[in-house]
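# Remarks on the overall topology
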Amino acid sequence: MPDYQRVLAIINPVSGTHNPDDTAKLIRERLEPHLSVVEVRFTTGANDALNWAQGAVDEGFDLVLVAGGDGTVVEAMTGLIKGPKLIPLAQLPTGTASQIARALSISLNLEEAIELVYSGRTVYLDTAYLPQHDRYFALISGAGFDARVMEAPRGLKRRLGFFAYVLMGIWHIFNLRKTDVTLELDDHIKKVRAHTVLIANIGRIDDIDFAIGPDIWHHDGTLDVIVVASLSFGDILRLSWRVLTGNFSNYRDLRYYKARRVRIDSKRPLPVQIDGDPLGTTPLEAEVVPDGVLVLVPQHYVPRKHESDPRQRSTEPEAV
């Protein structure tokens, strides 16, 4: 018998290119024969996933299953964090990129992903909090070029998928301008000139051996701050090649820092994004929430931590 008996399934009908009715049918066919309660709800607006997840415990659910993109997943994570007790979150990755699922080694095949309700295990995942906005994020928040790339219209994303972001990147790459940036990293202040500053919680996908920086882990209790200053098209290509090949050292226009609390301020206001959603302009503040949410992952997933990480919290499955 599965560990979970009462599941709230939240479906974003406009995420990615999936057919929401087919997704709902899959959920019911795979879960209803073996679980006591399977309730399926379709989001119709902002904060539906957040509110439903926040109330899931009080409604008697012991698992929240989200079929949607990273934005919907983070909404549900936020609701679970704000709820009275942490219960696990499972994913059916139907978004354009589904980076959270990829980082947790969750299959993008929906039929395989839903089997984790029966075969998966739970681990804690760090999240990050923006106190100015009372918002949480799981992937990356940032100021500058990345925020402009994320402005891709939903219609373009539905037609082109990930390549919509590539197109937006090419569109903005020729308008890059540096500005004076002040970074507060815990108790230290650094002044740099840059056009982009990223704050990464999730920045690596082990299954494809890809990371946007060195020693980036989403279980280490810290945030990774990435400062980018490359301007010319040639420099951008060289920087991209370094990231793709994992060569992060000795490059003047790419700097890395770690901190538990981060504040970004800039002489010229830079646009801000949080997990792909526009969020005004700088200043931007963030703080890590160690072990902020409980997620369902495959048995083979290994939540590695940096060697210097003092926390040694168990990642064995927990009874719900």
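Since the model is a prediction, treat every value here as computed from it, not as a measurement.

### Here we look at the overall build of the protein chain
- Regarding its fold elements, the protein chain presents ten helices and 18 strands.
- Taken across its 320 residues, the protein chain has 55% of its residues classed as buried.
- Taking the contacts inside the protein chain whose residues are at least 6 apart along the sequence as the reference set, 73% of them involve residues at least 24 apart.
- For the protein chain, the accessible surface area stands at approximately 14600 Å², while carbon and sulfur atoms represent 51% of it.

### A closer look at the nonpolar core
- Counting residues in each nonpolar core, the largest one holds 51 residues, and the members touching the most others are Ile27, Leu31, Met77 and Ile100.
- For isoleucine 27, the residues in contact, after removing those within four places along its chain, are Ala9, Ile11, Glu32, Val38, Val40, Leu65, Leu92 and Ile114.
- With 25 residues, the next largest nonpolar core counts Ala128, Leu185, Val197 and Val272 among its residues.

### With respect to helix 1 (residues 20-31)
- Between its terminal C-alpha atoms helix 1 stretches 16 Å, which fits the 16 Å expected from twelve residues at 1.5 Å a residue.
- All buried positions along helix 1 are accounted for by Pro20, Thr23, Ala24, Leu26, Ile27 and Leu31. Summarising the axial view, the buried residues of helix 1 lie within an arc of 155°, below the 170-degree limit, and thus occupy one face.
- Considering only its buried residues, helix 1 is in contact with strand 1 (6-11), strand 2 (37-42), strand 3 (63-68), strand 4 (89-93), helix 5 (110-114) and helix 6 (116-119).

### Side note on the environment of aspartate 224
- Along the chain, aspartate 224 turns up in strand 13 (residues 223-228).
- By relative accessible area, aspartate 224 is classed as buried at 3%.
- Between the C-alpha atom of aspartate 224 and that of glycine 203, which follows or precedes it by 21 residues, the distance is 8.4 Å.
- Apart from residues no more than four positions distant in its own chain, aspartate 224 is found in contact with Leu198, Ile199, Ala200, Pro214, Asp215, Ile216, Trp217, Tyr257 and Lys258.
- A polar side-chain atom of aspartate 224 sits 2.7 Å from a polar atom in the side chain of lysine 258.

### Concerning the pairing of strand 5 (residues 121-130)
- With ten of ten residues buried, strand 5 lies mostly within the body of the structure.
- Of the two faces of strand 5, the one holding Arg121, Val123, Leu125, Thr127 and Tyr129 and the one holding Thr122, Tyr124, Asp126, Ala128 and Leu130 are both buried throughout.
- Pairing geometry for strand 5 and strand 18 (residues 284-297), over eight bridges, is antiparallel. Residue arginine 121 lies in a different strand from strand 18, and its bridge partner there is valine 297.
- Of the pairings in the sheet, the one linking strand 5 to strand 6 (residues 135-137) comprises three bridges and is antiparallel in character. Residue pairing for strand 6: leucine 130 is matched across the bridge by arginine 135.
- From the end of strand 5 to the start of strand 6, which pair antiparallel, there are four residues, and aspartate 134 there has a positive phi angle of about 50°.

### Some remarks on the environment of arginine 252
- Take arginine 252: it is sitting in the loop between helix 10 (233-245) and strand 14 (254-259).
- When its relative accessible area of 60% is taken as the criterion, arginine 252 is described as exposed.

### Things to note about the pattern of salt bridges
- If you walk through the whole model with that rule in mind, you get 13 salt bridges.
- Glutamate 111 serves as the salt-bridge partner of arginine 30, at 3.4 Å between the closest nitrogen and oxygen. Residue arginine 30 is found in helix 1, and its partner glutamate 111 is found in helix 5; the two are separated by 81 residues along the sequence.
- Here glutamate 111 falls in the partly exposed class, since its relative accessible area comes to 45%.
- Among the ionic pairs, arginine 263 bridges to glutamate 184, the shortest N-O distance being 4.0 Å. Taken as a pair, arginine 263 in strand 15 (residues 261-266) and glutamate 184 in strand 8 (residues 179-185) lie far apart in primary sequence, 79 residues in all.
- The class for arginine 263 is partly exposed, based on a relative accessible area of 21%.
- In this structure, a network of salt bridges that share partners links the residues Glu184, Arg263, Asp265 and Glu285.

### Brief notes about the confidence of the model for the protein chain
- Put simply, the protein chain has an average pLDDT of 83, and 79% of its residues get 70 or more.
- Scored below 50 in pLDDT, residues 160-172 shows 24 contacts in the model against residues more than four places distant or in partner chains.
- Within the model, the stretch residues 306-320 combines pLDDT values under 50 with 29 contacts to residues more than four positions away or in other chains.

### Overview of the sheet that holds strand 14
- Reading across from one edge, 14-13-10-7-16-17 is the order of the six strands in this open sheet, with antiparallel pairing throughout. The open sheet terminates on both sides in strands that have one partner only, identified here as strand 14 and strand 17 (277-281). The average angle at which neighbouring strand axes cross in this sheet is 20°, direction not considered.
- Pairing of strand 7 (residues 140-144) with strand 10 (residues 196-200) involves five bridges; the strand directions are antiparallel. If you follow serine 141 over to strand 10, its bridge partner there is isoleucine 199.

So, how was this worked out
Residues numbered from 1 in each chain as written. Predicted model: local features only at pLDDT ≥ 70, side-chain atom pairs only at ≥ 80, totals over all residues. Heavy atoms only, no water. Helix = DSSP H or I, 4+ residues; strand = E, 2+ residues; numbered from the N terminus. Buried < 20%, exposed > 50% of the residue type's maximum accessible area, 1.4 Å probe, protein only. Contact = heavy atoms within 4.5 Å. Areas by Shrake-Rupley, 256 points an atom, 1.4 Å probe, with all protein chains shown as cover. Core = buried A, V, L, I, M, F, W, Y, C linked by side-chain atoms within 4.5 Å. Expected span 1.5 Å × (residues − 1). Arc of directions from axis to C-beta. Polar contact = N/O pair within 3.5 Å; in protein donor to acceptor, adjacent residues only side chain to side chain. Pairing = 2+ DSSP bridges. Salt bridge = Lys/Arg side-chain N within 4 Å of Asp/Glu carboxyl O. pLDDT = per-residue confidence, 0-100. Axes fitted to C-alpha atoms, helices over the stretch in contact; angles between N-to-C directions.

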